[in-house]
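Survey of secondary and tertiary structure
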Amino acid sequence: QLQFVESGGGLVQPGGSLRLSCAPSGFTLDYYAIAWFRQAPGKEREGVSRISSTDDSVYYADAVKGRFTMSRDNAKNTVYLQMNSLKPEDTAVYYCAVQTGGGILVPSAYDYWGQGTQVTVSS
């Protein structure tokens, strides 16, 4: 089974930072485009960022541009999301997934979702 394990979430103060990790099981991630999504309680799942399968270029949602950085480390077979200047609005469960269809940050274009990791930004 193709699966992801997300980790690195936690409770941070506004303005703080977290680094999330996404580690696949059963496949090598460098052949695929990978995206981070997030879902707050009672809200729709929204795209955060997506990294290319070829040149490591990253597309960011407007809400996180300039604050979040997505990257991949092929040697460690891991994708990261560095989150800086965190806001309460960033509170959500964060997921990673594999792009299997058309669309940059459309949830229906992705499969093999991980279990998610909780990020809470609060004073």
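This text gives an overview of the structure that appears in the document. Here, residues in each chain are numbered from 1, in the same order as that chain's written sequence. Note on the predicted model: pLDDT of at least 70 is required for a residue's local features to be given, and 80 or more for side-chain atom pairs to be given and counted; whole-chain, interface and lining totals, by contrast, use all residues. Where side-chain values are given, they derive from all heavy atoms of the structure, hydrogens and water being excluded.

**Some thoughts on the overall build of the chain**
The way it works is that DSSP assigns letters per residue, a run of H or I at least four long becomes a helix, a run of E at least two long becomes a strand, and they are numbered from the N terminus. When helices and strands are tallied, the chain shows zero helices and eleven strands. Its helices and strands taken in sequence order, the chain reads β-β-β-β-β-β-β-β-β-β-β from the N to the C terminus. The C-alpha radius of gyration computed for the chain amounts to 13 Å, which stays within 12% of the reference 14 Å derived for 123 residues, consistent with globular compactness. Counting only C-alpha atoms and orienting by the principal axes, one finds that the chain spans roughly 40 × 30 × 25 Å. Think of it in three bands: with a 1.4 Å probe and only protein chains considered, a residue is buried below 20% of the maximum accessible area for its type, exposed above 50%, and partly exposed in between. Expressed as a percentage of the 123 residues in the chain, the buried residues total 43%. The contact criterion used throughout is that any non-hydrogen atoms of two residues lie within 4.5 Å. Sequence separation of 24 or more characterises 56% of the internal contacts of the chain that already satisfy a separation of 6 or more. A gap of 4 Å separates the mean positions of the 10 positive and 11 negative side-chain charges of the chain. The globule rule used for comparison is 2.2 Å times the number of residues to the exponent 0.38, while the radius of gyration itself is calculated over C-alpha atoms. Charge counting treats Lys and Arg as positive and Asp and Glu as negative, with His and both chain ends excluded. Just so you know, the charge point we use is NZ for Lys, CZ for Arg, CG for Asp and CD for Glu.

**Some words on the sheet that holds strand β1 (residues 3-7)**
Strands were regarded as paired on the criterion that DSSP finds at least two bridges between them. With antiparallel pairing, four strands are arranged side by side in an open sheet as β1-β3-β8-β7. Edge positions in the sheet fall to β1 and β7 (68-73), since each of these pairs with one other strand and no more. If you compare each strand with its neighbour and ignore which way they point, the axes differ by 20 degrees on average. Relative to strand β3 (residues 18-25), β1 runs antiparallel, the two sharing five bridges. The residue bridging Q3 from the neighbouring strand is S25, located in β3. For helices, the fitted axis covers only the stretch in contact; all axes are lines through C-alpha atoms, and the angles between them, taken along N-to-C directions, range from 0 to 180 degrees.

**Examining the state of the cysteines**
We call a pair of cysteine sulfur atoms a disulfide when they lie within 2.5 Å. What the rule picks out here adds up to one disulfide. A disulfide bridge connects C22 with C96, and the sulfur atoms are separated by 1.9 Å. Because the sign of the S-S torsion sets the handedness, a value of about 85 degrees for the bond joining C22 and C96 places this disulfide among the right-handed ones. Within this pair, whereas C22 is found in strand β3, its partner C96 is found in strand β9 (residues 92-99), the two being separated by 74 residues in sequence.

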